[in-house]
Amino acid sequence: MDIISQLQEQVNTIATLAFNTFGTLQRDAPPVRLSPNYPEPPANSSEDAVNIEEQPKIMSAALVKAAKQFDVLVAALPLSEGGEEAQLKRISELEAENEAVGQVLQRQLEAAAELTSLILSAIPEQELKQVQELFNQAADNCLNFKKPD
């Protein structure tokens, strides 16, 4: 897996851990009396209280570990060589290469079009119409899932 994919995966891991941590804290937080007008909330059992105290520590440790792993991955990213000018030069080189390849492909496309014209001109028009009709029938049969006659 490349470094960018690993970074994306690590960001997803951090988001998942954060989501689960916040949800767990919200779910397991002890009840609090909001106003003297409300009755005193029921107390949690001592067994739950121990778990509630330990769980945030475990979850925060996992979140910190994931963040550190993300930092390690960021540090492993290759540095750009030569700065912005070198990158712009490389981009212009790639664009020139792309243009040259595009021209070659355009010439090949034009040659293929000429060859197609030559082939079609060599075939008598009557035979060409028959081939086109048979092709259209075959296409229609395939699209309509019909068996040939």
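Residues numbered from 1 in each chain as written. Predicted model: local features only at pLDDT ≥ 70, side-chain atom pairs only at ≥ 80, totals over all residues. Heavy atoms only, no water.

Scanning the protein chain from N- to C-terminus turns up 4 helices and 0 strands. The globule rule puts the C-alpha radius of gyration for 149 residues at 15 Å, and the 34 Å found for the protein chain is more than 25% above it. Counting across all 149 residues of the protein chain, residues that qualify as buried make up 7%. In the protein chain, 72% of the contacts between residues at least 6 apart in sequence involve partners at least 24 apart. Total accessible area on the protein chain is roughly 12,900 Å²; 60% of this is exposed by carbon and sulfur atoms. In the protein chain, 11 positive and 23 negative side-chain charges are present, and the distance between their average locations comes to 6 Å. (Helix = DSSP H or I, 4+ residues; strand = E, 2+ residues; numbered from the N terminus. Rg over C-alpha atoms; globule rule 2.2 N^0.38 Å. Buried < 20%, exposed > 50% of the residue type's maximum accessible area, 1.4 Å probe, protein only. Contact = heavy atoms within 4.5 Å. Areas by Shrake-Rupley, 256 points an atom, 1.4 Å probe, with all protein chains shown as cover. Lys, Arg positive; Asp, Glu negative; His and termini not counted. Charge placed at Lys NZ, Arg CZ, Asp CG, Glu CD.)

The next point concerns the pattern of salt bridges. Evaluation of the coordinates by the stated rule reveals 3 salt bridges. A salt bridge links Glu93 to Arg90, with the shortest nitrogen-to-oxygen separation between them at 3.7 Å. Residue Glu93 and its partner Arg90 are both found in helix α3 (residues 83–122); the two are separated by 3 residues, about one turn of the helix. Across the pair Glu125 and Lys129 runs a salt bridge whose closest N-O atoms are separated by 3.7 Å. Taken together, the residues span about one helical turn, with Glu125 and Lys129 both in helix α4 (residues 125–144) at a distance of 4 residues. Judged by relative accessible area, Glu125 falls into the exposed class, the value being 57%. (Salt bridge = Lys/Arg side-chain N within 4 Å of Asp/Glu carboxyl O.)

A few words on the side chain of Thr24. With respect to the helices and strands, the residue Thr24 is situated in helix α1 (residues 3–28). Every residue in contact with Thr24, bar those within four places of it in the chain, is listed here: Ala29, Gln55 and Met59.

Once that is clear, we can look at the environment of Gln10. Relative to the helices and strands, Gln10 is located in helix α1. A relative accessible area of 13% places Gln10 in the buried class. When the C-alpha positions of Gln10 and Leu73 are compared, they lie 8.8 Å apart, and in sequence the two are 63 residues distant. Not counting residues within four places of it along the chain, the set of residues in contact with Gln10 comprises Ala66, Gln69, Phe70 and Leu73.

Let us now look at the domain arrangement of the protein chain. Its domain assignment divides the protein chain into domain 1 (3–78) and domain 2 (82–148). The C-alpha-based centres of domain 1 and domain 2 are spaced at 56 Å. (Domains from an automatic or database assignment.)

What follows deals with the side chain of Thr21. Residue placement: Thr21 occurs in helix α1. In terms of polar contacts, Thr21 uses its side chain to reach the backbone carbonyl oxygen of Leu17, at 2.7 Å. (Polar contact = N/O pair within 3.5 Å; in protein donor to acceptor, adjacent residues only side chain to side chain.)

What follows deals with the confidence of the model for the protein chain. For the protein chain, the average pLDDT comes to 85, and 91% of its residues sit at 70 or higher. The element-level mean pLDDT for the protein chain is lowest in α4, coming to 83, with α1 highest at 91. (pLDDT = per-residue confidence, 0-100.)

On the surface, a nonpolar cluster with roughly 440 Å² of combined accessible area is contributed by Leu115, Leu118, Ile119, Leu120 and Ile123. On the basis of relative accessible area, Leu120 is assigned to the partly exposed category, the value being 40%. (Patch = residues over 30% accessible without salt bridge, like charges linked within 9 Å, V, L, I, M, F, W, Y side chains within 5 Å.)

What follows concerns the environment of Ile119. For Ile119, the position within the fold is in helix α3. Sequence-wise, Ile119 and Glu40 are 79 residues apart; in three dimensions their C-alpha atoms are separated by 92 Å.

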